[in-house]
Amino acid sequence: MKVRAFLNRHLFGRIHSSTIVFNDAREDPRIDRVALDLRDSDRLMVITSAGCNVLDYLLAGVQHIDAVDINPYQNALLELKISGIKNLDYDAFFKIFGKGVHPHIRSIYMDGLRQDLSKSAREFWDRKFYLFSGLKNGGTFYFSGPCGILARMINAYIDHWTRLRPEVVEIFSCQDLASQEELYNRKIKDKFWGGFLRWLAGRDFTLALLGVPLMQRRQIEKSYPGGVSAFIQSRLSNVFTKIPLTDNYHWRIYLFGCYSTTCCPEYLKPDNFERLKKGLISRVDVHTCTVSEFLLQSGSPINKFVLLDHMDWLADDGNEELSREWQGIVNRSAPESRVIWRSGGMETDFVNKTQLHLGGKQLSVGDLLEYQTELANQLHPIDRVQTYASFHIADLKK
């Protein structure tokens, strides 16, 4: 097990230190808006990921967002989107970030996008703007990077092994859940979940491409009967039978490599693009550092924290970094703050046990959190992504 853990961490580190890992968001901002109870006075700290949800929260009219990510390439992607909103018209912007390809990306990048990027983002995109050229990676940006590699593998499996492409197209056109469920169970389920795919779902290599570290895998295996493979099969079954696919852009991007004008993130819709361009986009700052490093800086108090699945990533670290992070959250939080996060496990008891200091006393994080369990239980089943086993909403008391 020690050898496997070493190899897993080495593979995961190599993948995650050299490129954009997440080229789309894996958290549903529709339920996040409800969970966070977003208001125009809110100041948010959000882990950047692909930046999609940062832009979505801006559209809720919040006062300010600090986007934080230790991976500079994830921040470079958000910076490119911000520059595109500032400098491009809607049609060009949608071709790049909706279709994932623009035939004139070189000139658009050099003449219209590059000047507004930070030095580090500029250095990255000077080398990587071709990702939007359509010449490599399956013809779209969304089939590039680790997640894109896996998406291309799954699409090849659909197209050439199971030959289910017509059924996949059909199910995304279903107008009601009953039709979706009937089509999935009658035509897709048995052919799709062959032995090869069940085997692939449980491989460390597959999970590394998906951005699932060993710590998160252990959270799943600890709490879900049948382990990772059964968990993934269950999640996908929910996606195709319990949640309407007509606007589920989170899964459309994996199975088609592009968005459509009717199935896309909010920031890719014409009216919302114009709202961002007219001023909302100025309300975000981008920071490349750890969450704890950002929170320990001086700055305005923050009252909403979006931690994605970051808690799982720190579950096996002896809780030192976890303690620093939560100490930073407590120190930087405004009155009546709220924190949301997701987990591959059914529970995140390790968060509650994390130690910190407040008012000269040592306390556990659980002493300071008032969980909104009923709200989380209402929202989690309708999350369009269905990647995680649990969703946590907690108000911070101090």
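The rules behind each value
Residues numbered from 1 in each chain as written. Predicted model: local features only at pLDDT ≥ 70, side-chain atom pairs only at ≥ 80, totals over all residues. Heavy atoms only, no water. Helix = DSSP H or I, 4+ residues; strand = E, 2+ residues; numbered from the N terminus. Buried < 20%, exposed > 50% of the residue type's maximum accessible area, 1.4 Å probe, protein only. Contact = heavy atoms within 4.5 Å. Areas by Shrake-Rupley, 256 points an atom, 1.4 Å probe, with all protein chains shown as cover. Polar contact = N/O pair within 3.5 Å; in protein donor to acceptor, adjacent residues only side chain to side chain. Core = buried A, V, L, I, M, F, W, Y, C linked by side-chain atoms within 4.5 Å. Phe/Tyr/Trp six-rings, centres within 6.5 Å; stacked < 30°, edge-to-face > 60°. Lys NZ or Arg CZ within 6 Å of the ring centre and 35° of its normal. Axes fitted to C-alpha atoms, helices over the stretch in contact; angles between N-to-C directions. Parallel < 35°, antiparallel > 145°, perpendicular 65-115°, else oblique. Nonpolar A, V, L, I, M, F, W, Y, C, P; charged D, E, K, R; others polar. Expected span 1.5 Å × (residues − 1). Salt bridge = Lys/Arg side-chain N within 4 Å of Asp/Glu carboxyl O. Pairing = 2+ DSSP bridges.

K.L.:
Before we move on, can you summarise the overall build of the chain with the specific residues and values?
P.N.:
Regarding its fold elements, the chain presents 22 helices and nine strands. In the chain, which comprises 398 residues, the share counted as buried stands at 59%. Relative to all contacts within the chain whose residues are 6 or more apart in sequence, the contacts with residues 24 or more apart total 72%. Summed over its atoms, the accessible surface of the chain is roughly 17,000 Å², and 53% of this surface lies on carbon and sulfur atoms.

K.L.:
Describe the side chain of Thr354, and please don't skip the residues or the numbers.
P.N.:
By the element assignment, Thr354 lies in the loop between α20 (349-353) and β6 (355-358). Of the polar contacts made by the side chain of Thr354, one reaches the backbone oxygen of Phe350; its length is 2.9 Å. If near-sequence neighbours (up to four positions away) are discounted, Thr354 is found in contact with Asn319, Leu322, Ser323, Leu363, Ser364 and Val365.

K.L.:
Run through the nonpolar core, naming residues and quoting values.
P.N.:
The biggest cluster of nonpolar side chains holds 120 residues, and the ones touching the most others in it are Met45, Phe97, Trp125, Tyr267 and Trp326. With sequence-adjacent residues up to four places away left out, Met45 is seen in contact with Asp66, Val68, Val291, Phe294, Leu295, Ile302, Lys304, Phe305, Val306 and Leu307.

K.L.:
Outline unusual backbone geometry, supporting the account with residue identities and numerical values.
P.N.:
Of note in the backbone geometry, Asp37 takes a positive phi value of approximately 50° without being a glycine. For Asp37, the location among the structural elements is in the loop between α2 (29-36) and β1 (43-47).

K.L.:
Talk me through the packing of aromatic side chains; I want residue IDs and the actual numbers.
P.N.:
Counting across every chain of the model gives 22 aromatic pairs. Their ring planes at 75° and their centres at 5.6 Å tell us that Phe97 and Phe132 sit as a pair that is edge-to-face. One end of the pair, Phe97, is in helix α5 (residues 90-97); the other, Phe132, is in the loop between α7 (119-128) and α8 (145-162), with 35 residues separating them in the sequence. The burial state of Phe97 is the same as that of Phe132; both residues are buried. Between Phe172 and Phe256 the ring centres are 5.3 Å apart and the planes differ by 85°, which places this aromatic pair in the edge-to-face class. Pair noted here: Phe172 is in the loop between α9 (165-171) and α10 (177-192) and Phe256 is in helix α15 (residues 249-256), with a separation of 84 residues, a long-range link. What makes Phe172 buried here is its relative accessible area of 9%. Judged by its relative accessible area of 24%, Phe256 is partly exposed. Just above the ring of Phe256 sits the side chain of Arg165; from NZ or CZ to the centre is 5.7 Å. Between Arg252 and the ring centre of Phe256, over which it is positioned, the NZ or CZ distance is 4.7 Å.

K.L.:
So, the packing of helix α4 (residues 72-87) against α7: which residues are in play, and what are the values?
P.N.:
At a minimum axis distance of 9 Å, the contact between α4 and α7 shows a crossing angle of 90°. Taken together, the axes of α4 and α7 are roughly perpendicular relative to one another. Counting all contacts with α4, which are made through Tyr73, Ala76, Leu77, Glu79 and Leu80, the residues of α7 involved are Ala121, Phe124 and Trp125. Across the contact of α4 with α7, the residue classes tally to seven nonpolar, no polar and one charged.

K.L.:
So what about helix α19 (residues 320-332)? Which residues, and what values?
P.N.:
The end-to-end C-alpha distance of α19, which contains 13 residues, comes to 18 Å, matching closely the 18 Å that a straight helix rising 1.5 Å per residue would cover. Among the 13 residues that make up α19, ten are buried, leaving the element largely enclosed by the rest of the structure. Glu321, Leu322, Ser323, Glu325, Trp326, Gln327, Gly328, Ile329, Val330 and Arg332 are the residues of α19 that are buried.

K.L.:
Residue-level account of the pattern of salt bridges, with values.
P.N.:
The tally for this structure, following the rule as stated, stands at 16 salt bridges. Linking Arg39 and Asp37 is a salt bridge whose minimum nitrogen-to-oxygen distance equals 2.6 Å. A residue is classified by how much of its surface remains accessible, and Asp37, at 35% relative accessible area, is partly exposed. The salt bridge partner of Arg165 is Asp159, with a shortest N-O separation of 2.7 Å. Note on Asp159: relative accessible area 28%, which makes it partly exposed.

K.L.:
Let's hear about the pairing of strand β7 (residues 361-364): which residues, and what values?
P.N.:
Judged from the four bridges that link them, β6 and β7 form a sheet pairing that is antiparallel. When the sheet's bridge partners are listed, Leu358 is paired in β7 with Lys361. Hairpin remark: β6 followed by β7, antiparallel, with two residues in the connecting loop; positive phi at Gly359, about 60°.

K.L.:
Help me get a handle on the packing of α4 against helix α6 (residues 105-113), residues and values and all.
P.N.:
Contact geometry of α4 with α6 gives a least axis separation of 10 Å together with a crossing angle of 75°. Here α4 is positioned roughly perpendicular relative to α6, judged by the angle of their axes. Contacts from Leu80, Ser83, Gly84 and Asn87 in α4 reach Tyr109, Gly112 and Leu113 in α6. Residue classes in the contact of α4 with α6 are distributed as three nonpolar, four polar and no charged.

K.L.:
Got a sec to walk through the sheet that holds strand β8 (residues 369-371)? Specific residues and values, please.
P.N.:
Overall, mixed pairing links the seven strands, which are arranged β3-β2-β1-β4-β5-β9-β8 in an open sheet. The sheet is open, and its two edges are formed by β3 (284-288) and β8, each paired on a single side. The average undirected angle you get between the axes of adjacent strands in this sheet is 20°. Strand contacts of α2: β1, β4 (302-306), β5 (333-343) and β9 (390-396), with the helix running at about 145° to β5, the strand carrying the most contacts. With respect to the sheet, helix α3 (residues 52-59) is in contact with β1, β2 (64-69), β3 and β4, its orientation differing from that of β2 by roughly 170°.

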